[in-house]
Amino acid sequence: MEKIIKIGTRGSKLALWQANWVKSALRAGHPSLSVELVPIKTKGDKILDVALAKVGGKGLFVKEIEEALLNGHIDLAVHSMKDMPSEIPKGLCIGAIPRRETPQDVLISRKSLLLSQIGPNARIGTSSLRRAAQLLHARPDLVITPLRGNLDTRLKKLDAENLDGIILAAAGVKRLGLEHKITEYLDEKVMLPAVGQGALCIEIRENDSEVESIVSLLEHHETRTVVMGERAFLKRLEGGCQVPIAAYGKIEKNKFTLCGLVATVDGTTVIKDSLSGQKDSSEIIGVKLADCLIEMGAKTIMENLT
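Residues numbered from 1 in each chain as written. Predicted model: local features only at pLDDT ≥ 70, side-chain atom pairs only at ≥ 80, totals over all residues. Heavy atoms only, no water.

Student: Where do I start with helix H10 (residues 282–304) in this structure?
Tutor: Since the α-helix turns once every 3.6 residues, residues separated by three or four places project in the same direction. Largest kink in H10: about 75°, centred on glutamate 295. For H10, the complete set of buried residues consists of Ser282, Ile285, Gly286, Leu289, Ala290, Leu293, Gly297, Ala298, Ile301 and Met302. Turning to H10, the residues buried within the fold contact helix H9 (221–237), strand S12 (255–263) and strand S13 (270–278). (Bend = angle between axes of the 7 residues up to and from the residue. Helix = DSSP H or I, 4+ residues; strand = E, 2+ residues; numbered from the N terminus. Buried < 20%, exposed > 50% of the residue type's maximum accessible area, 1.4 Å probe, protein only. Contact = heavy atoms within 4.5 Å.)

Right, dumping it as structure tokens:
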């Protein structure tokens, strides 16, 4: 009997695009493979009227999918890497990390104005503490307006709620073919991305050698190196509290450089630094950079927000 590989995914347009991309890539590498998508509703999809930070933050978009993976209802899961908590549940692992899409955030403004051109008291939509903190640090005169929902919903709210602009991940906008709507790619000096932003996570069961072999063709070694460095930084810092944290790694001339940030929610204090080293030591560099930020005062910020 022909094996059917079941892919667990959220049901949003972007999540389905990502899962279909994985499905196509697997079929291209294994033409005889049957692949089926299994949409799963997560807690994050159900709670749309409360800021994620108030209902648990990371993990809200993956828990139910991971449960389906653990109980054998699906064979692998496709997540946005930035939704992944730093701890992977026992029995699961990251089977593959495909090549990363653009990691930056973008501004989509109603009047096509750049961030530097938008006037004081302009209303900018985002529910991300990370984005809000960095925006307010750069432009304390802006007014941050909560913005939940999938990408389509947030784009509609730009006009429906008379916002001056919204901040989104470039990767999602590009994947849905909406690149023409982007007003500005935000420089990492202004807006450091979320850990893993732009990368996908193919999650599988540990010791499932058959599925591991099937998904291995999706692996992009350099992306894994960079993303695992960013995730090591996040894991070292996380204390269960909701704190604006950002990190962005890159490999240039065989060197891994990681820039990381911890900020207060209002953006008045931003602790930021970077560290470089050998690319095969990305996770060690992630931990060291987190320790540097802790020494610079990140621990105090985190304790005050618990």
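Anyway, onward from the coordinates.
Student: Sorry if this is basic, but what is going on with the pattern of salt bridges here?
Tutor: Between side chains of opposite charge, a pair can form when the charged atoms approach closely. Summed over all chains, the structure comprises 14 salt bridges. One salt bridge connects glutamate 67 with lysine 63, and the closest N-O pair in it is separated by 3.1 Å. Placement of the pair is glutamate 67 and lysine 63 together in helix H4 (residues 63–70), with a separation of four residues, close to one helical turn. The class for glutamate 67 is partly exposed, based on a relative accessible area of 40%. Among the salt bridges present, the one from arginine 236 reaches aspartate 291, with a minimum N-O distance of 2.9 Å. Taken as a pair, arginine 236 in helix H9 and aspartate 291 in helix H10 lie far apart in primary sequence, 55 residues in all. Among the residues examined, arginine 236 registers a relative accessible area of 44% and is labelled partly exposed. Under the relative-accessibility criterion, aspartate 291 is labelled partly exposed at 25%. Beyond isolated ion pairs, a larger network of salt bridges with shared partners links Asp75, Arg205 and Asp208. (Salt bridge = Lys/Arg side-chain N within 4 Å of Asp/Glu carboxyl O.)

Student: What should I look at first to understand the nonpolar core in this one?
Tutor: Nonpolar side chains in soluble globular proteins tend to end up buried together. Residues Phe233, Leu237, Ile245, Leu258, Val262 and Leu293 are the most contacted members of the largest nonpolar core, which totals 20 residues. Contributing elements (two or more residues each) for this core: H9, strand S11 (245–252), S12 and H10. Sort the elements by how many residues they give to this core and H10 lands first, with seven residues. The next biggest cluster of nonpolar side chains, apart from the first, holds 18 residues, and it includes Ala19, Val22, Ile204 and Val215. (Core = buried A, V, L, I, M, F, W, Y, C linked by side-chain atoms within 4.5 Å.)

Student: Which parts of the structure should I look at to understand the sheet that holds strand S4 (residues 92–96)?
Tutor: Sheet strands pair via backbone hydrogen bonds, and the direction of the pair is either parallel or antiparallel. Taken together, the five strands give an open sheet; going across it, the order is S2-S1-S3-S10-S4, and neighbouring strands pair in mixed fashion. At either end of the open sheet lies a strand with only one pairing partner, and these are strand S2 (34–39) and S4. Strand-to-strand twist of the sheet, defined as the mean angle between neighbouring strand axes without regard to direction, takes the value 35°. Bridge count for strand S1 (residues 4–9) against S2 is six bridges, and the pairing is parallel. Residue lysine 6 lies in a different strand from S2, and its bridge partner there is glutamate 36. Packing of H4 onto the sheet brings it into contact with S1, strand S3 (76–80), S4 and strand S10 (200–205), and relative to S3 it is tilted by some 165°. (Pairing = 2+ DSSP bridges. Axes fitted to C-alpha atoms, helices over the stretch in contact; angles between N-to-C directions.)

Student: Explanation requested: the side chain of serine 109 in the structure shown.
Tutor: Structurally, the position occupied by serine 109 is in strand S5 (residues 105–109). Taking relative accessible area as the criterion, serine 109 reaches 7% and is therefore assigned buried. Look past the residues within four positions of serine 109 in its chain and what remains in contact with it is Ile118, Leu158, Asp164, Gly165 and Thr183.

Student: Mind showing me how you'd approach unusual backbone geometry here?
Tutor: Most peptide bonds adopt trans geometry, and most residues besides glycine take a negative phi value. Backbone geometry places serine 112, a non-glycine residue, at a positive phi of 55°. The exposure class of serine 112 is exposed, given its relative accessible area of 55%.

Student: In this structure, what is going on with the pairing of strand S8 (residues 165–169)? I would like to understand it.
Tutor: Consecutive side chains along a regular strand alternate between the two faces of the sheet. Counting buried positions along S8 gives five out of five residues, so the element sits mostly inside the fold. With burial as the criterion, each face of S8 is covered, one bearing Gly165, Ile167 and Ala169 and the other bearing Ile166 and Leu168. Bridge count for S5 against S8 is five bridges, and the pairing is antiparallel. Across the sheet, valine 106 pairs through a bridge with leucine 168, a residue of S8.

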